[in-house]
Amino acid sequence: MRMKKLGTLVTAGVMAMSLMGACGNAPAGDPGANGQGTRSSLSGNVKAAGATAFQPLVQAAAQEFSAQHPQVTIDVQGGGSGTGLKQVSDKTVDIGNSDVFAEEKLQPEQAQALVDHQVAISVMAPVVNAQLGITNLTTDQLISIFTGKAKNWNEVGGPDLPIVLITRPTSSGTRATFRKYALAGAEEANNQSQETDDSGTLIQKVQDNKGAVGYVALSYSSASDGVAAVSIDGVAPTVENAYNGSYHVWTYEHMYTNGEPQDPTKAFLAYMLSDEFAPTVEKMGYGVAAKLTDKAIASHAQ
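Residues numbered from 1 in each chain as written. Predicted model: local features only at pLDDT ≥ 70, side-chain atom pairs only at ≥ 80, totals over all residues. Heavy atoms only, no water.

Chemist: Where do I start with the side chain of Ser81 in this structure?
Modeler: Locating Ser81 in the fold gives a position in helix α3 (residues 81-89). The exposure class of Ser81 is buried, given its relative accessible area of 1%. Within the structure, the side chain of Ser81 is placed 2.9 Å from the backbone nitrogen of Asp99, a separation counted as a polar contact. The residues contacting Ser81, other than those within four sequence positions of it, are Gly50, Ala51, Asn97, Ser98, Asp99, Val100, Ser171 and Gly173. (Helix = DSSP H or I, 4+ residues; strand = E, 2+ residues; numbered from the N terminus. Buried < 20%, exposed > 50% of the residue type's maximum accessible area, 1.4 Å probe, protein only. Polar contact = N/O pair within 3.5 Å; in protein donor to acceptor, adjacent residues only side chain to side chain. Contact = heavy atoms within 4.5 Å.)

Chemist: What am I meant to see in the environment of Pro159 here?
Modeler: Tracing the backbone shows Pro159 in the loop between α5 (139-146) and β6 (164-165). A residue is classified by how much of its surface remains accessible, and Pro159, at 31% relative accessible area, is partly exposed. Considering only alpha carbons, one finds Pro159 and Gly211, 52 residues apart in sequence, at a separation of 9.2 Å. Not counting residues within four places of it along the chain, the set of residues in contact with Pro159 comprises Leu132, Asn152, Trp153 and Asn154.

Chemist: Whenever I open this one, the pattern of salt bridges confuses me. Can you help?
Modeler: Between side chains of opposite charge, a pair can form as their charged atoms come close. Summed over all chains, the structure comprises six salt bridges. Lys86 is the partner of Asp90 in a salt bridge, and the nearest nitrogen-oxygen pair spans 2.9 Å. Residue Asp90 is classed as partly exposed on the basis of its relative accessible area of 43%. Where Arg175 meets Glu188, a salt bridge forms, and the shortest distance between an N and an O atom there is 4.0 Å. Of this pair, Arg175 sits in helix α6 (residues 173-181) while Glu188 sits in the loop between α6 and α7 (199-208), and the two are 13 residues apart along the sequence. Exposure remark for Arg175: the relative accessible area of 5% places this residue in the buried category. (Salt bridge = Lys/Arg side-chain N within 4 Å of Asp/Glu carboxyl O.)

Chemist: I tried to follow the pairing of strand β2 (residues 72-79) on my own but got confused; where do I start?
Modeler: Side chains on a regular strand alternate between the two faces of the sheet. Burial of β2 is one-sided: the residues Val72, Ile74, Val76 and Gly78 facing one way are buried, the residues Thr73, Asp75, Gln77 and Gly79 facing the other way are not. For strand β1 (residues 44-50) and β2, the ladder comprises seven bridges, and the chain directions are parallel. What sits directly across from Asn45, in β2, is Thr73. Remark: the β1/helix α2 (residues 55-68)/β2 crossover connection has right-handed handedness. (Pairing = 2+ DSSP bridges. Right-handed = clockwise from strand over helix to strand, strands pointing away.)

Chemist: I tried to follow α7 on my own but got confused; where do I start?
Modeler: An α-helical turn contains 3.6 residues, so a residue and the one three or four places further along point in the same direction. Buried within α7 are the following residues: Ser199, Leu202, Ile203 and Val206. One side of α7 carries all its buried residues, which in axial view fall inside an arc of 100°. For α7, the secondary structure elements touched by its buried residues are β4 (114-129), β7 (212-217), α8 (218-221) and β8 (227-229). With a side-chain oxygen lying 3.0 Å from the backbone nitrogen of Gly200, the N-terminal cap of α7 falls on Asp198. (Arc of directions from axis to C-beta.)

Chemist: So what exactly am I meant to see when it comes to unusual backbone geometry here?
Modeler: Trans peptide bonds make up most of the peptide bonds, and negative phi angles are found at most residues other than glycine. Asp263 connects to Pro264 through a cis peptide bond whose omega is 5°. Its place among the elements puts Pro264 in the loop between β10 (250-258) and α10 (265-272).

Chemist: Help me understand the nonpolar core in this model?
Modeler: The nonpolar side chains of soluble globular proteins are, as a tendency, buried together. With 84 residues, the main nonpolar core has Phe54, Ile145, Phe146, Trp153, Met255, Phe268 and Met272 as its most contacted residues. Excluding its chain neighbours within four sequence positions, the residues that come into contact with Met255 are Phe54, Val58, Ile95, Gly96, Asn97, Val115, Asp116, His117, Val119, Phe268, Leu269 and Met272. (Core = buried A, V, L, I, M, F, W, Y, C linked by side-chain atoms within 4.5 Å.)

Chemist: Any chance you could explain α5 here in plain terms?
Modeler: Restricting attention to buried positions, one finds in α5 the residues Leu142, Ser144, Ile145 and Phe146. Contacts made by the buried residues of α5 are with β4, β5 (136-137), β6, α6, β7 and β9 (231-232).

As structure tokens, then:
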């Protein structure tokens, strides 16, 4: 995996330098110029869809990239990892955003046709209503809660209050990540009346119900009033703890293309992996894949 990731980063660097060279040869001082006073030669449309946990970062990158390349339009939609992977496999979008490897959602021949661009990591956190007072849960307690065995918070050290699960559909990459790394592979109970794969909606549901519990990418929970991220076995869900390998509930954020990408998709992917965009990645609560320690990488080896 490390060789694969290194190859992706090197390729991105070459693409980024080529892109800079192309822009540098353009005439300066034009009203449609990019932020450096040169007109971008790039044009066209890029469609991306998939993981909602990853969507805010892709949208931020799209906004910054389009500001530099005004003739490029980038449309970013959610829908969940399974949807994004299916759509890129069907060639109805240019990029399928996913929290999981394509092999986990597609048939082998479909997955083999896709090219994986690992552009960041997302840390996933259990979240509860801030008034509940729960700040830490053990792995066993989490399994008991999310499999439906525990029905009341007083069974796991909380108040006498019914547990309300806010669940995600089976197509969700966030659900797959949480099941694998937080629930030790245990199958999650479904609560169809409270099911959503929209992270913003999930946060709202937790805010509105004192007994509610769910899980979201840290980028959502850290920016939301009324919800509290919960530590697991005493380890806080932070990007730094993911980097150093002490917190395991995180996932690579993949941007899949059907075959090798061409411009402007190719240039957009290079921008997302660039040093220029890296500060935005961390500012928004995501992680830079290049900063993972060997211990962290080993914990998520395929």
